[in-house]
Amino acid sequence: MVEGNHSSIDLLDDTMSDSVHLSDTEPAVPEEDVREEEWMDTVSSNMPEAAAETPISKSSNMKLELTIISGTDLLSRDRNGLSDPYVKVKLQDKTIYRTKVIEKTLTPTWDETFMLHIDSRNQSLAIKVFDRDKFSGDDFMGMALVDLSALQTGRPTDLMVELLPDSCDLEEEYEERGLGEIHMRYLLHDESSTVVCPPIQEPKVNTSFNLLNSISDSIESLMSNIVRSDYADSSSTNTSEWDYTVRIVIMHGQNLLSMDDNGFSDPYVRFKLQNEKYKTKVKNKTLDPKWMETFSLHLFDHKSWQLDISVFDHNIAGRDDFMGRASLDLSKLTIDRTHDLNVHLEDEAGSLRILVTITGAVSSTDHETSASTRDEIIRRYGLLNSLKNFNDVGWLQLKVIRAHGLSSKDWGGKSDPFCTVELVNTMLQSHTSYNTLNPEWNRVFTIPVKDIHSVLEVTVYDEDKDMKKEFIGKVAIPLIMIENGVQKWYGLKDKKLFSRVKGEVLLELDMVFNHVKAAFRTFNPREEPVLQEEPKFKISLFKRNVTRVRSIGSSLVSAKNFWQSLVDWDYPSKTLIAFVAFMVGVWNFELYMLPLTLIMLFIWNLMVREIKGTSAADDMVYFVSVFSTELRLLRKHNSMLVFSLRFSLCYLDMFSV
């Protein structure tokens, strides 16, 4: 259970004020308007007679601990398209708790916990959501009723309630898009002892006495938080486990419907999977939007695997226009595999391109490849199958065992680490190990290899709330440097792989590939990553490039002047030496001398590296990146000289393996 504001509230008789303050400094709860009171009267009239007439007793034998965690996809009530939501909790027309206001959001996170004593379970708890307005009355956003008789006792339980409209407002919004949901967690248990609430004291004139009471209450609340924190952490671990992690990348849309007068739309995408709802950013004035947004969702095996996708046109004034929908059955997709899908909207309303990856959230060391299976894989990528499916170059199995010595990212000196595995456009993710700096994942990933010159990236993150993650460290491993079947510790580096950071990760890799297909792929365009970040303009980089261009220009001018001086015989001795060297070179030059010169340069750099003691893996990462970039440029030419350069580089590449 997440930490929140803990306070014990006893229900009093009808003389108690309708507003309950958590501290002396908290402002009074504003009164609801006439429409809300009429709605509550209707609800109260539908309650059982005993529950409606029985006053709240000063003694109770049931205690309810309720945590208001977060809200999802709430209604927009402000002009900026957002809201300032807060929650009121009412029991028998009495406000017993109010959360803090979360400004400018439709997905607020409160994480506030309070306790209340109840004498009867034949009543309902009203959960109301409001949008705070500074200069007018607060706007009603929806409500839900929680039947106390349906709650289980003795263990913490998560509860997701759907907000409903009142009797005369928000009906259209509810029918079109819904009013959102509130995520709560409750713990209901019996209390053998009778709890008596002290009588309410009138405000005292002595301000020093009130100040001492306020300090005492604050210390008591702080001690309660400390005592309850251990229990909250243990309970959240037991109740928040999921079976799979779903990573969805909303890439772009094509041929969407025009909904505005200018012939364009302002589209955004909403999607829902089980109890989780998310939406993308709005792209203005386009029918072919590009989002490139990534979302991580949790999937429970016993619930529906249906992914509902909807596209809307954003309107500044009025309701958003519906543009199209589609449904995707995730149960038909392969686990631990990235799927590139082109989803067509209903009624020919366009299409969306998305990437979906479903990763198991539990350890999977029992799914390691057996010896017989590996022999079959070796036969599949043998020389006899070299002319089949040139895109299927090889097979890679990665075992992410554990990590140790990670940097702490959370309060208390701990982290909630998980790791992601990326190979070009294949993106997989492990489960999260909570509250540790030495996680054990024991995950086995199987990845198809399309290019032997690709680089495998393993990144460790710290999981935070609201889909956020914090970078811990990263490892880059060229596929040509893999040592099969060897468990090896890899030191984590920063995002740019320039310097070391705290922590190491233990990996074991095994790769099988076809050498003929790998060589053939070398001379073909590489698979480009779909999530490449758009380059941003940097003034420092621009100045450095301008300086380089000036330096190259001045060098070319100097070379031209020197060549002109040789032609004009300004220096007869230099001209004669240059002429003799040119004749000897043309007479004795052969094509093989150029790659031989490159080999001599590589040998020289190898000797320098051995003397300096540079890491071979770091050099190979740099070599692969530079080689891949240069090779893409050389593929535009078809001369024999370029072919010899490619052959020599590929030969050195295979020789280094």
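All values reported here derive from a predicted model rather than from experimental measurement. (Residues numbered from 1 in each chain as written. Predicted model: local features only at pLDDT ≥ 70, side-chain atom pairs only at ≥ 80, totals over all residues. Heavy atoms only, no water.)

### Digging into the overall build of the protein chain
(1) Moving on: Within the protein chain, the secondary structure is distributed over eleven helices and 25 strands.
(2) Moving on: The burial tally for the protein chain puts 42% of its 657 residues in the buried class.
(3) Moving on: With the model as given, the accessible surface of the protein chain reaches about 37,000 Å², and the carbon-plus-sulfur share is 56%. (Helix = DSSP H or I, 4+ residues; strand = E, 2+ residues; numbered from the N terminus. Buried < 20%, exposed > 50% of the residue type's maximum accessible area, 1.4 Å probe, protein only. Areas by Shrake-Rupley, 256 points an atom, 1.4 Å probe, with all protein chains shown as cover.)

### As for the pairing of strand E22 (residues 455–463)
(1) Moving on: Here E22 lies mainly inside the structure; seven of its nine residues are buried.
(2) Moving on: As judged from the six bridges shared by strand E19 (residues 417–423) and E22, these two strands associate in the antiparallel manner. Note on E22: the bridge partner recorded for Glu422 is Glu457.
(3) Moving on: Pairing of E22 with strand E23 (residues 469–478), which is carried by nine bridges, proceeds in the antiparallel orientation. (Pairing = 2+ DSSP bridges.)

### What to know about the nonpolar core
(1) Moving on: Grouped together as the largest cluster of nonpolar side chains are 37 residues, with contacts concentrated most on Ile68, Val89, Leu125 and Ile182.
(2) Moving on: Elements supplying a minimum of two residues to this core: strand E2 (62–72), strand E3 (85–91), strand E4 (94–98), strand E5 (109–118), strand E6 (124–131), strand E7 (139–147) and strand E9 (181–190).
(3) Moving on: Ignoring sequence-local partners within four residues, the contact set of Ile182 consists of Ile68, Ser70, Gly71, Leu74, Trp110, Val129, Leu159, Met160, Val161 and Leu163.
(4) Moving on: Counting residues in hydrophobic clusters, the runner-up holds 32 residues, among them Val393, Ala403, Cys419 and Leu509. (Core = buried A, V, L, I, M, F, W, Y, C linked by side-chain atoms within 4.5 Å. Contact = heavy atoms within 4.5 Å.)

### A closer look at a nonpolar patch on the surface
(1) Moving on: A contiguous nonpolar surface patch, about 840 Å² in accessible area, is contributed by Trp569, Leu576, Phe579, Val580, Phe582, Met583, Val584 and Val586.
(2) Moving on: Structurally, Phe582 is set in helix H8 (residues 572–588). (Patch = residues over 30% accessible without salt bridge, like charges linked within 9 Å, V, L, I, M, F, W, Y side chains within 5 Å. Salt bridge = Lys/Arg side-chain N within 4 Å of Asp/Glu carboxyl O.)

### A short note on the pattern of salt bridges
(1) Moving on: In the structure shown here, the tally under the stated rule is seven salt bridges.
(2) Moving on: Ionic pairing is found between Arg132 and Glu103, a salt bridge with its closest N-O pair at 2.9 Å. One end of the pair, Arg132, is in the loop between E6 and E7; the other, Glu103, is in the loop between E4 and E5, and 29 residues separate them in sequence.
(3) Moving on: We classify Arg132 as partly exposed; its relative accessible area is 24%.
(4) Moving on: Its relative accessible area of 47% is what places Glu103 among the partly exposed residues.

### Comments concerning the side chain of Asn514
(1) Moving on: Tracing the chain through its elements places Asn514 in the loop between strand E25 (500–513) and helix H6 (515–522).
(2) Moving on: Look at Asn514 and you get buried, because its relative accessible area is 0%.
(3) Moving on: Here the side chain of Asn514 touches Ser386 through a polar contact of 3.2 Å, side chain to side chain.
(4) Moving on: With residues up to four places along the chain from it excluded, the contact list for Asn514 reads Tyr381, Gly382, Leu383, Asn385, Ser386 and Val393. (Polar contact = N/O pair within 3.5 Å; in protein donor to acceptor, adjacent residues only side chain to side chain.)

### Details of the side chain of Asp510
(1) Moving on: Examined against the element boundaries, Asp510 turns out to sit in strand E25.
(2) Moving on: A polar side-chain atom of Asp510 sits 2.6 Å from a polar atom in the side chain of Arg374.
(3) Moving on: Beyond its immediate stretch of four places on either side in the chain, Asp510 contacts Arg374, Trp395, Leu396, Gln397 and Asn484.

### Overview of the packing of aromatic side chains
(1) Moving on: Scanning all chains against the criterion turns up twelve aromatic pairs.
(2) Moving on: Centre to centre, the rings of Tyr268 and Phe312 are 5.9 Å apart; their planes meet at 20°, and the pair counts as stacked. Linking Tyr268 in strand E11 (residues 267–273) with Phe312 in strand E14 (residues 306–313), this pair joins segments that are 44 residues apart in sequence.
(3) Moving on: Classification of Tyr268 by relative accessible area gives buried; the value is 1%.
(4) Moving on: Take Phe312: its relative accessible area is 7%, and that puts it in the buried class.
(5) Moving on: Between Phe312 and Phe322, the ring centres sit 5.6 Å apart and the planes meet at 75°, which makes this aromatic pair edge-to-face. Placement of Phe312 in strand E14 and of Phe322 in strand E15 (residues 321–329) is noted, with a sequence separation of ten residues between them.
(6) Moving on: An aromatic cluster is present here, built from Tyr86, Phe130 and Phe140 joined pairwise through their rings.
(7) Moving on: Just above the ring of Tyr461 sits the side chain of Lys469; from NZ or CZ to the centre is 4.3 Å.
(8) Moving on: Note that Lys574 overlies the ring of Tyr571, its terminal NZ or CZ placed 4.9 Å from the centroid. (Phe/Tyr/Trp six-rings, centres within 6.5 Å; stacked < 30°, edge-to-face > 60°. Lys NZ or Arg CZ within 6 Å of the ring centre and 35° of its normal.)

### Focus on the sheet that holds strand E12 (residues 276–279)
(1) Moving on: Pairing is antiparallel across the open sheet formed by four strands, whose spatial order is E12-E11-E14-E15. Lying at the two open borders of the sheet, with one neighbouring strand each, are E12 and E15. Averaged over all neighbouring strand pairs, the angle between strand axes comes to 15°, with direction disregarded. (Axes fitted to C-alpha atoms, helices over the stretch in contact; angles between N-to-C directions.)

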